[in-house]
Amino acid sequence: AQTVTQSQPEMSVQEAETVTLSCTYDTSESDYYLFWYKQPPSRQMILVIRQEAYKQQNATENRFSVNFQKAAKSFSLKISDSQLGDAAMYFCAYRRGNYGGATNKLIFGTGTLLAVQP
Amino acid sequence: SQTIHQWPATLVQPVGSPLSLECTVEGTSNPNLYWYRQAAGRGLQLLFYSVGIGQISSEVPQNLSASRPQDRQFILSSKKLLLSDSGFYLCAWSKPRGRYGYTFGSGTRLTVV
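Basis of the calculations
Residues numbered from 1 in each chain as written. Chains lettered and ligands numbered in written order. Predicted model: local features only at pLDDT ≥ 70, side-chain atom pairs only at ≥ 80, totals over all residues. Heavy atoms only, no water. Buried < 20%, exposed > 50% of the residue type's maximum accessible area, 1.4 Å probe, protein only. Helix = DSSP H or I, 4+ residues; strand = E, 2+ residues; numbered from the N terminus. Pairing = 2+ DSSP bridges. Disulfide = S-S within 2.5 Å. Contact = heavy atoms within 4.5 Å. Buried area = accessible area lost by both parts, 1.4 Å probe. Salt bridge = Lys/Arg side-chain N within 4 Å of Asp/Glu carboxyl O. Polar contact = N/O pair within 3.5 Å; in protein donor to acceptor, adjacent residues only side chain to side chain. Nonpolar A, V, L, I, M, F, W, Y, C, P; charged D, E, K, R; others polar.

Peer 1: Explain the pairing of strand β10 (residues 88-96) of chain A here, please?
Peer 2: Here is the key point about a regular strand: its side chains alternate between the two faces of the sheet. Residue and element names in this part refer to chain A. The buried fraction of β10 amounts to nine of the nine residues, a majority that puts the element mostly inside the structure. Burial of β10 is two-sided: the residues Ala88, Tyr90, Cys92, Tyr94 and Arg96 facing one way and the residues Met89, Phe91, Ala93 and Arg95 facing the other way are all buried. Note that β10 and strand β12 (residues 112-117) share three bridges and pair antiparallel. Paired with Tyr90 across the bridge in β12 is Thr112.

Peer 1: Sorry, what's going on with the state of the cysteines here?
Peer 2: Such a bond, covalent and formed between the sulfur atoms of two cysteines, is termed a disulfide. Residues and elements named next belong to chain B. According to the stated counting rule, one finds two disulfides over all chains in the structure shown. Paired through a disulfide, Cys23 and Cys91 show a sulfur-sulfur distance of 2.0 Å. Measuring handedness by torsion sign, the sulfur bridge of Cys23 and Cys91 sits at about -80 degrees and is left-handed. Within this pair, whereas Cys23 is found in strand β3 (residues 19-26), its partner Cys91 is found in strand β9 (residues 87-94), the two being separated by 68 residues in sequence.

Peer 1: Can you help me understand the pairing of strand β6 (residues 55-58) of chain B in this one?
Peer 2: All names here are of chain B. In this sheet, β6 lies alongside strand β5 (residues 44-52) in antiparallel orientation, the contact comprising three bridges. Bridge pairing in β6 links Tyr49 to Ser57. In this antiparallel pair of consecutive strands, β5 and β6, the connection spans two residues, and Gly54 shows a positive phi of 75 degrees.

Peer 1: Sorry, what's going on with the interface of chain B and chain A here?
Peer 2: Often, the extent of an interface is quoted as the loss of accessible area upon association of its parts. Each partner contributes residues to the interface: chain B has 29 residues there, and chain A has 23 residues. Both faces combined, the contact of chain B with chain A buries some 2,000 Å², and carbon together with sulfur accounts for 49% of it. In this structure, Glu59 of chain B engages Lys105 of chain A in a salt bridge whose closest nitrogen and oxygen atoms are separated by 2.9 Å. At the surface where chain B touches chain A, the tally comes to nine residue pairs in polar contact (both at pLDDT 80 or more). When residues of the side of chain B that touches chain A are traced back to their parent elements, those giving at least two are β4 (32-38), β5 and β9 of chain B. Residues of the side of chain B that touches chain A, tallied by class, amount to 14 nonpolar, nine polar and six charged.

Structural data, given as structure tokens:
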């Protein structure tokens, strides 16, 4: 079974600095997708970034980028120029590739709580 | 564009009372639908998911049930609430293909007193 591990329960970063959140996963599949979700204090889950496993190029969305190491099964999130609004719980997630049906669920890590210090 | 609506936003219910939380999706057809529960400061626990009308799969045994009476409607219910049912409940939808993540509703904060 696939698993997602976030080994950092909490992280802290100074405003305007850069922080990296770690995520590792375990799978025997070759076709899959990886996601980072942000959950601010409002508790609304927001998709931050997505990575296709078949792409070697790391995904980037403005100040958010990932370091995808497929062989190491690692998928870290880098937040540059951290802002107070980045303070949130961040969840890493995995989903198998183009399979329909009941088995294709999004598997979440346990989350990393990021604090941004002014 | 697709939207997901979840209500109510907050709910305070006495122990032993019934529960009904509703979630609807607009702008898509035949979505996969999910109910999650989240305790304060904790991760997401998948409760139920559905890949079609009347098709419900339960992830954990509990005091709750789910139904999907229409293609884009997903309901979480309980006949008698327990204190342990308190939490934050999130509904989500996705397309069946793996390249799509989930889109979440805004959540319901349930307090059982």
